[in-house]
Every structure is written in C-alpha cells, then in structure tokens.
Amino acid sequence: NYEDFIDVDSERLTVNLDYVNPLTETSKLELGAEARLYNTIQDYNSTGFSYNSNGNLVPTSSTKFDYTRDIYSVYATYGNKYEKWSYQAGLRSETVEVTADTNAVKSFSNDYVELYPSAFVTYTPSEKNLYQVSYSRRVDRPGISQVNPIREWSTPLISSYGNTELQPQFTNSIEANYTRNFEKGSITGGVFFRSINDEINRALFIDRTDFNKVILTYDNFD
C-alpha cells in the first residue's frame, strides 16, 4: 500500500534557420540548421510501503529524475528538373547529447552523431503517368519513460522501469510508386522495403535477485 505523487516540470526550445536559393529556373538549393533543447524534471514523492528486490515491505522513498536531451542538426537539399525527370537529394547531420541524473537511483549519458541521407527521383512521361522512387533514413529515439530507471509501478512479482542502455531505432526505407491521373482524380500503387535496426520494444527479463520474479522494461531487438 503506497501512493506516488509525480510533479513534472518541462522546458522545450527550438531554434531553426532556413536558407533557400533558386539557382536556376529548374534547380534549387536548401540549407538549414536547427537546435532542439529539451529538459524535464520529474519529482517522485511516495508515501507508504512497497516491495524491494528481496520481496520485503520497506518504506518508500522520494527521488528526482532530471533528463536533458539536446539535438543540433545541419542539413542540405538539392533539387533539379530535366525534361521529364526530376530529382532531389539531401543529407542531414545530427549531434545528440543526452544526460540524465537521479538523486538516488542511477545517472547515465548517451552522445552520438548520425547522418540521414534521402533521395527522390520522379519520372513523368505524360500528364497521366508518374513514377517515383525514393530512399530515406529516419530515427525513433527512446522516450523519457523508456529510459527512466525509477519504478513506474510494482507488484510482488513484477517490477517495471526503463532501460538506461536503450539505443535509438533507425529505419532505412526504399519505396517505388506509380500514379495514374484521370479527369476526376488519380490512383496510386506502390511497394516498399523497410529495414529496422535496434528496434525498440517491450521486454521481460528474469529478476536475477529472485528467479520467481520478472522485470518489465524496454530493449533493442535484432
């Protein structure tokens, strides 16, 4: 029997700068830079008793989770059109700095630099037909609840908390589409292939302190 009171204080700041230069009538260059700064403090105040790792009732304690994630990125995109063909190629570079601290559980950090290329090619042989092939790479970063090491809830047999070692999930996508235009509308069909690296998913582990118990958390999958 215990109660959790969670006070959350979050701050977000986004600064973006874009530059577009139409080099010719058919070509265009886009440049940009962006900073996304995020900080949140979750203050946990608990009252009553809860089960510890040995299955014994102990007084609950209060703790604070201070999480910061700063993302700095620059990107460039070039597009051009030649007769019935048009294309666009881009590259985005991101530097990510993650720091997290608790006053009682665990501190961790995760800094990395990644590149995200993209490319689109479109062929329009006539007003009624359009073909397009594209490639892109994107990222799904762990949310704060997925890395928070403080227990969200617990039962005598289950403990639930985040994974501080969780890595971002990356997806590479290739797609091909065909569009047929009519007088009053259009229809599009396509195929795609997606390859996901380090997929983030729910995971169950045996509690090493007691093999009769389990830990509910998140992990990266192949």
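Here, every reference points to the structure presented above.
Please read all numbers here as calculations on a predicted model, not as lab measurements.

Help me get a handle on the side chain of Glu34, residues and values and all.
By the secondary structure assignment, Glu34 is in strand 2 (residues 28-51). A distance of 3.3 Å separates the side chain of Glu34 from the side chain of Arg36, its partner in a polar contact. Of note is the side chain of Glu34, whose polar atom sits 2.9 Å from the side chain of Arg92. Sequence-distant contacts of Glu34, defined by excluding residues within four places in its chain, comprise Thr14, Val15, Asn16, Ile71, Tyr72, Ser73 and Arg92.

Explain the side chain of Thr171 to me, using residue names and the numbers behind them.
You can see Thr171 is positioned in strand 10 (residues 169-182). For Thr171, a relative accessible area of 1% translates into the label buried.

Provide a residue-level description of the environment of Arg138, including the pertinent values.
Position of Arg138 among the secondary structure elements: in strand 7 (residues 129-140). Through-space distance from the C-alpha of Arg138 to that of Pro117 is 8.8 Å; in sequence the pair is 21 residues apart. Side chain to side chain, Arg138 and Asp140 meet in a polar contact 2.7 Å long.

Explain the packing of aromatic side chains to me, using residue names and the numbers behind them.
Throughout the structure, instances matching the rule amount to 7 aromatic pairs. Measuring from ring centre to ring centre gives 6.2 Å for Tyr123 and Tyr131, while their planes differ by 25°; the resulting arrangement is stacked. Overall, the relative accessible area of 27% leaves Tyr123 in the partly exposed class. Given a relative accessible area of 40%, Tyr131 falls into the partly exposed group. Taken together, Trp85, Tyr123, Tyr131 and Tyr178 form an aromatic cluster joined through their ring pairs. If you follow Arg194 out to its NZ or CZ, it ends over the ring of Phe192, 4.3 Å from the centre.

Analysis parameters
Residues numbered from 1 in each chain as written. Predicted model: local features only at pLDDT ≥ 70, side-chain atom pairs only at ≥ 80, totals over all residues. Heavy atoms only, no water. Helix = DSSP H or I, 4+ residues; strand = E, 2+ residues; numbered from the N terminus. Polar contact = N/O pair within 3.5 Å; in protein donor to acceptor, adjacent residues only side chain to side chain. Contact = heavy atoms within 4.5 Å. Buried < 20%, exposed > 50% of the residue type's maximum accessible area, 1.4 Å probe, protein only. Phe/Tyr/Trp six-rings, centres within 6.5 Å; stacked < 30°, edge-to-face > 60°. Lys NZ or Arg CZ within 6 Å of the ring centre and 35° of its normal.

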